[in-house]
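Observations on chain architecture
Here is how the chains run, residue by residue.
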Amino acid sequence: MDTFLNSFRQQRAELYRTRQIHDSPQTPTLLINGQPYLTFCSNDYLGLASHPRLKTAWQQGAEKYAVGSGASHLVTGHTLAHHSLEKALADYTNREQALLFSTGYMANLGVVTALVGRHDAIFLDKLNHASLVDAALLSRAKIYRYPHNDIQTLAHLLKKSSAAHKLIITDGVFSMDGDLANLPEMVKLAKTYQAWIMVDDAHGLGVLGDTGRGILEEYCLGTDEVPVLMGTLGKAFGVFGAFVAGSELLIDTLIQSARTYIYTTALPPALAETVRASLAIADEEAWRRKRLHELIAYFRAAAEKQQIPLMESFTPIQPIILGDSKKALAVSQALYERGIIITAIRPPTVPQGTARLRVTFSALHNEDHIDQLIDSLVGTLQK
Ligand SMILES: *Cc1c(COP(=O)(O)O)cnc(C)c1O
């Protein structure tokens, strides 16, 4: 077995992955070995993860219910805390009903395997999140993958397929590129070819749209156009967990048959209470979303002035493509030496030849942070 395990270590050094230990609250400045580092890689876009009201909600939830839920939802794990959060998520997304899952990964596995099977077809963007690819594989449906946002190829594949059910699955905001799925065009195709659409809006919820309802608000689309919406609770909402929202019929189907919902322990009730508080704060403190977009605009303007190559993204995900994995690692390391942490994202997370620094912003960053980032990027990219 050791020979097999060692083969992972012997991968080329530039692809080897390690973990960084930090010992501080989740904010843009992290302490590592007692040293402060400015970070641009968290998904805590609204800066809610260390909000004092969320810490209080967590404590009160633990006092009232318990730390653990004790069982799965269909046994005795489903508390009023979970139920109230599901109601709040349905209201938030303006859908009939919502269902909690432990993680986004599990939500995707559960939904896709509940909705399609051997005689069906799934259509995936090449850049979809790994959990959607795994979900599709597990479903045993026929899988078609189209080049990123290539609507023509998608149309061609849909036309060709004679599957009983066709499910188009896409990220709302692509997690490594920061751009959006072309949902308006996909909706037209779905109508023409009688396909269903599922959107994973892990990076859009809380961030996009006039009121932060995500990519569907950005494009003014509802349940009729996109019947299945998946969202995560550990990114903009700063906590943990995930949900699926849609019609009552969809949610009931998932309660009956989504295996990652049925065969797992319900989330801690204290966590459900915390997420409910987080949804409320995201609305009450709408300045966080506005601030985030100001910072993104500030960064893009400053980067363009310095001719730092950016991608077409107006989301908090602002990748800087470096191409070669070695170069991405070297730049990431040089930034680290200057007290800035941005992880180098390398294959297989992104396609070969597109290794990058994935820069992300939080409402808790400020202009000084961004100036420091730009200065350091100019200093390291030119070497
Ligand atoms: C983060 C992410 C997930 C997984 O969500 P977790 O709750 O972290 O498991 C799924 N899809 C996309 C697009 C993501 O970015």
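Structure: see above.
In short, a report on the structure. (Residues numbered from 1 in each chain as written. Predicted model: local features only at pLDDT ≥ 70, side-chain atom pairs only at ≥ 80, totals over all residues. Heavy atoms only, no water.)

**Side note on helix H5 (residues 104–115)**
Helix length check: H5, at twelve residues, gives a terminal C-alpha distance of 16 Å against a target of 16 Å (1.5 Å per residue), a fit within 8%. Taken as a whole, H5 has its buried residues at Gly104, Ala107, Asn108, Leu109, Gly110, Val111, Val112 and Leu115. (Helix = DSSP H or I, 4+ residues; strand = E, 2+ residues; numbered from the N terminus. Expected span 1.5 Å × (residues − 1). Buried < 20%, exposed > 50% of the residue type's maximum accessible area, 1.4 Å probe, protein only.)

**A few points about the sheet that holds strand E8 (residues 228–232)**
Note on sheets: strands pair through backbone hydrogen bonds, and any given pair is parallel or antiparallel. Ordered by their spatial adjacency, seven strands build an open sheet running E3-E9-E8-E7-E6-E4-E5, and the pairing between neighbours is mixed. This sheet does not close on itself; its edge strands, each paired only once, are strand E3 (97–101) and strand E5 (142–146). Here the average twist between neighbouring strands, direction ignored, is 20°. Two elements, E8 and strand E9 (residues 242–246), share four bridges in a ladder whose sense is antiparallel. Note on E9: the bridge partner recorded for Gly231 is Phe243. Relative to the sheet, helix H6 (residues 130–139) contacts strand E4 (121–125), E5, strand E6 (166–171) and strand E7 (195–200), its axis offset from that of E4 by approximately 165°. (Pairing = 2+ DSSP bridges. Axes fitted to C-alpha atoms, helices over the stretch in contact; angles between N-to-C directions. Contact = heavy atoms within 4.5 Å.)

**Side note on helix H7 (residues 151–160)**
Turning to H7, its buried residues are Ile151, Leu154, Ala155, Leu157 and Leu158. Across the axial projection of H7, the buried residues extend over an arc of 165°, all falling on one side. Within H7, the exposed residues directed more than 90 degrees away from the buried face are Gln152, Lys159 and Lys160. The elements touched by buried residues of H7 are E4, E5, E6, helix H8 (183–192) and E7. The N-cap of H7, judged by a side-chain oxygen 3.2 Å from the amide nitrogen of Gln152 a few residues on, is Asp150. (Arc of directions from axis to C-beta. Polar contact = N/O pair within 3.5 Å; in protein donor to acceptor, adjacent residues only side chain to side chain.)

**Describing the site of the ligand**
Surveying the vicinity of the ligand reveals 14 residues, the closest of which are Gly104, Tyr105, Asp200, His203 and Lys235. Contacts to the ligand include Gly104, whose backbone N or O atom sits 2.7 Å from an oxygen atom. Here His129 contributes a side-chain N or O atom positioned 3.5 Å from a nitrogen atom of the ligand. Protein burial of the ligand: of its 380 Å² of free accessible surface, 82% is covered by the chains. The class makeup of the residues in the shell around the ligand is two nonpolar, nine polar and three charged. (Near = heavy atom within 4 Å. Areas by Shrake-Rupley, 256 points an atom, 1.4 Å probe, with all protein chains shown as cover. Nonpolar A, V, L, I, M, F, W, Y, C, P; charged D, E, K, R; others polar.)

**Brief notes about the environment of Gly204**
Secondary-structure assignment places Gly204 in the loop between E7 and helix H9 (215–218). Of the residues examined, Gly204 reaches a relative accessible area of 0% and is grouped as buried. For the pair Gly204 and Phe174, spaced 30 residues apart in sequence, the C-alpha to C-alpha distance is 9.3 Å. With near-sequence residues (within four places) excluded, Gly204 lies in contact with Val173, Gly212 and Gly214.

**Re the side chain of Ser24**
If you trace the backbone, Ser24 turns up in the loop between helix H1 (2–9) and strand E1 (29–32). Only 3.3 Å separates the side chain of Ser24 from the side chain of His22, close enough to count as a polar contact. Within the structure, Ser24 has its side chain in polar contact with the backbone nitrogen of Leu31 (distance 2.8 Å). Apart from the residues lying within four places of it in its own chain, the contact partners of Ser24 are Thr29, Leu30 and Leu31.

**Quick notes on a nonpolar patch on the surface**
Taken together, the side chains of Met1, Phe4 and Leu5 define a hydrophobic patch exposed on the protein surface, amounting to about 370 Å² of accessible area. By the secondary structure assignment, Phe4 is in helix H1. (Patch = residues over 30% accessible without salt bridge, like charges linked within 9 Å, V, L, I, M, F, W, Y side chains within 5 Å. Salt bridge = Lys/Arg side-chain N within 4 Å of Asp/Glu carboxyl O.)

**Section: the layout of surface pockets**
When its volume is computed, the largest pocket comes out at roughly 1,500 Å³. Thr18, Cys41, Thr343, Ala344 and Ile345 are, among the 41 residues lining the largest pocket, the residues nearest its centre. Of all the elements in the fold, those that place two or more residues in the lining of the largest pocket are E1, helix H14 (325–337), strand E11 (340–341), strand E12 (344–345) and strand E13 (355–360). Considering every element that reaches the lining of the largest pocket, the biggest residue donor is H14, with four residues. Across the lining of the largest pocket, the residue classes break down as 17 nonpolar, 15 polar and nine charged. When residues are assigned to domains, the lining of the largest pocket turns out to be shared by domain 1 (18–45 + 286–381) and domain 2 (52–284), each giving three or more. (1 Å grid on protein atoms, 1.4 Å probe; cavity = no way out; pocket = protein on both sides within 12 Å on 5 of 7 lines; lining within 4 Å. Points joined across faces, edges and corners; volume = space filled by probe spheres on them. Domains from an automatic or database assignment.)

**Digging into the pairing of E13**
Of all six residues in E13, six are buried; the element is thus mostly enclosed. Burial along E13 is two-sided: Ala355, Leu357 and Val359 facing one way and Arg356, Arg358 and Thr360 facing the other are all buried. As paired strands, strand E10 (residues 317–323) and E13 are joined by six bridges and run antiparallel to one another. Each bridged residue has a counterpart across the sheet, and for Gly323 the counterpart in E13 is Ala355. Pairing of E12 with E13, which is carried by two bridges, proceeds in the antiparallel orientation. Across the sheet, the residue bridging to Ala344 is Leu357, located in E13.

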